[in-house]
Structures are given as C-alpha cells and as structure tokens.
Amino acid sequence: LGGRVRLCGLASLRARLSVTASCLPRVSVSARALSSAPLTPAPEAHSLPAINPLLVDQPASRQINPLLIEASSLSGILKVYKLHGSSFDEVNVATTWNRLGKMQATGRERADFFRQEERTLLQLLQHTERAIPRLKVRNIANACYGMARLRFEPASATMGLLGAAALPRIGSFNVQELVNTAWAFATLGVPAPQLFDAIARAQHVGGSTAVGGFAKVQVLANAKEGAAESCTPERKADQLLSP
C-alpha cells in the first residue's frame, strides 16, 4: 500500500511539471540565423586614434633632428634624447651637442642644468663614443664645437677620442670645420698636439679661396703649446677667431 501511494505521488508530480513546461515560450535559433547575424565589434575598436609618427617611442632617426631643432631650451633638447635616444643615429648625436652648445644660458643656469642632468649627459657622451666609427667629419666638428660651447668639462675625454678619429681625415675637413674643431679643443683645453700639428700642416682645405679662414686655423693650431698664464685657452681662441 505504501509503495502504491509513493508511485501515485510521483505520477502527480510529473504531470504538474509537464503542464508547467508546456506554458513556457519556445526559443528556436537556427544555425543559419546565427551565421547571418552581424557581429558588433568591441566599442574600443572604433576609438583607436591615428598614431603621430613623431610621437611614438622610437621614431625613425630622420624624424628626430626636426625635434631637436624645434626644442628651445637645454632641458627641451635633452628631453628629446631621453624619449628617443634608442633611435638616435650619428647625425642625431652630433646635432644634439651642436644644439646644446647654441642655447643661450647664464653660468648659473648651465651649472644647474649640469647638476640636474649629469646622468643623462654622461649617457649621451657614451652614446657619442659608440657612434664615432660612423661619424662624418662634419659630425665630428659639430659635436666638438657643441661640447666646447656648452662648457661641459666631462666631455674632454670624449673629445680626445673624436680628435683621434679626425686625425687621419683632416684633409676632408673644410675651413669652417677646421676652425670649429680647433676652437673647441683650445676652449676646453683638451690636449691634442697631433691634431693641432695636422691642422697646421694642412695645405688644401675644401675650397681654394678661404685664405683668411685657413690662416686663423694655422694661428690657432700654433697655440697648441698653451697661452700665457694671463690668457686661458678659451680667451686665446676667442681672440684669434674674433673678426
């Protein structure tokens, strides 16, 4: 009897579940309908901005020089190196030094800049030394001239390496490049007797008409032994190259 009661209860439960299921709406989606439904892209796919090639982390080296030229302060120029230094080629390195040297700054401003950016400047010097085998004579002259005008004394060792690289190619320098290079070494007081001798002995420089400029180079090269105690190499160079 007990077993019959349990069976009747189960039958009644099944009947109620069947009625409930029959009341639910049926949803049928065919495979064809799924395949033809348009896919909605993720919202962020529509919002990706176009990338400015000058602002990416590693722009092509040819795009860096305009950034260096547009920079209007010592820190601004060095910021370009901080952001894009891994893409710098030898031209960018030389341009950086040349631009740094051309920036107008008081002695105090320059000292503050050296103190704040010493680590980055030393990294730039190391970068310059690695680039020496690829530097053209114009790059060498520009780098030396910029280092000297910046008055960054730790650059003296790097300038010595630049001078050694310039020595066998001294005949390829034009007059202005020779003047700038000789002035730079005299200004920072970097010993380079062989370089000065080579400049003094040079007989053919770029063109055939720059006699006045070449004479200045010869006179400056003859100052390699140093000036009188009352005249520093920097003042001596300024006097020799003043119009």
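The following refers to the structure shown.

Rules and cut-offs
Residues numbered from 1 in each chain as written. Predicted model: local features only at pLDDT ≥ 70, side-chain atom pairs only at ≥ 80, totals over all residues. Heavy atoms only, no water. Salt bridge = Lys/Arg side-chain N within 4 Å of Asp/Glu carboxyl O. Helix = DSSP H or I, 4+ residues; strand = E, 2+ residues; numbered from the N terminus. Buried < 20%, exposed > 50% of the residue type's maximum accessible area, 1.4 Å probe, protein only. Arc of directions from axis to C-beta. Core = buried A, V, L, I, M, F, W, Y, C linked by side-chain atoms within 4.5 Å. Contact = heavy atoms within 4.5 Å.

Using the criterion set out here, one finds three salt bridges in the structure. For Lys-82, the salt bridge goes to Glu-117, with nearest N and O atoms at 2.9 Å. With Lys-82 in helix α4 (residues 74-84) and Glu-117 in helix α6 (residues 107-131), the pair connects residues that are 35 residues apart, well separated along the chain. With a closest N to O distance of 2.8 Å, Asp-112 and Arg-115 form a salt bridge. Here Asp-112 pairs with Arg-115, and both are found in helix α6, just three residues apart, close to one helical turn.

When we look at burial in helix α10 (residues 193-201), the residues that qualify are Leu-195, Phe-196, Ala-198 and Ile-199. For α10, the buried positions fall inside an angular range of 160° around the axis, keeping them on one side. In α10, the exposed positions angled more than 90 degrees off the buried face are occupied by Gln-194 and Arg-201.

In terms of nonpolar packing, the biggest core is built from 50 residues, with Trp-97 and Leu-100 touching the most fellow members. Those elements that place two or more of their residues in this core are α3 (64-70), α4, α5 (90-102), α6, α7 (137-150), α8 (155-166), α9 (175-188) and α10. Discounting residues that sit within four places of it in the chain, Leu-100 has contacts with Leu-74, Ile-77, Phe-113, Leu-121, Leu-124 and Leu-150.

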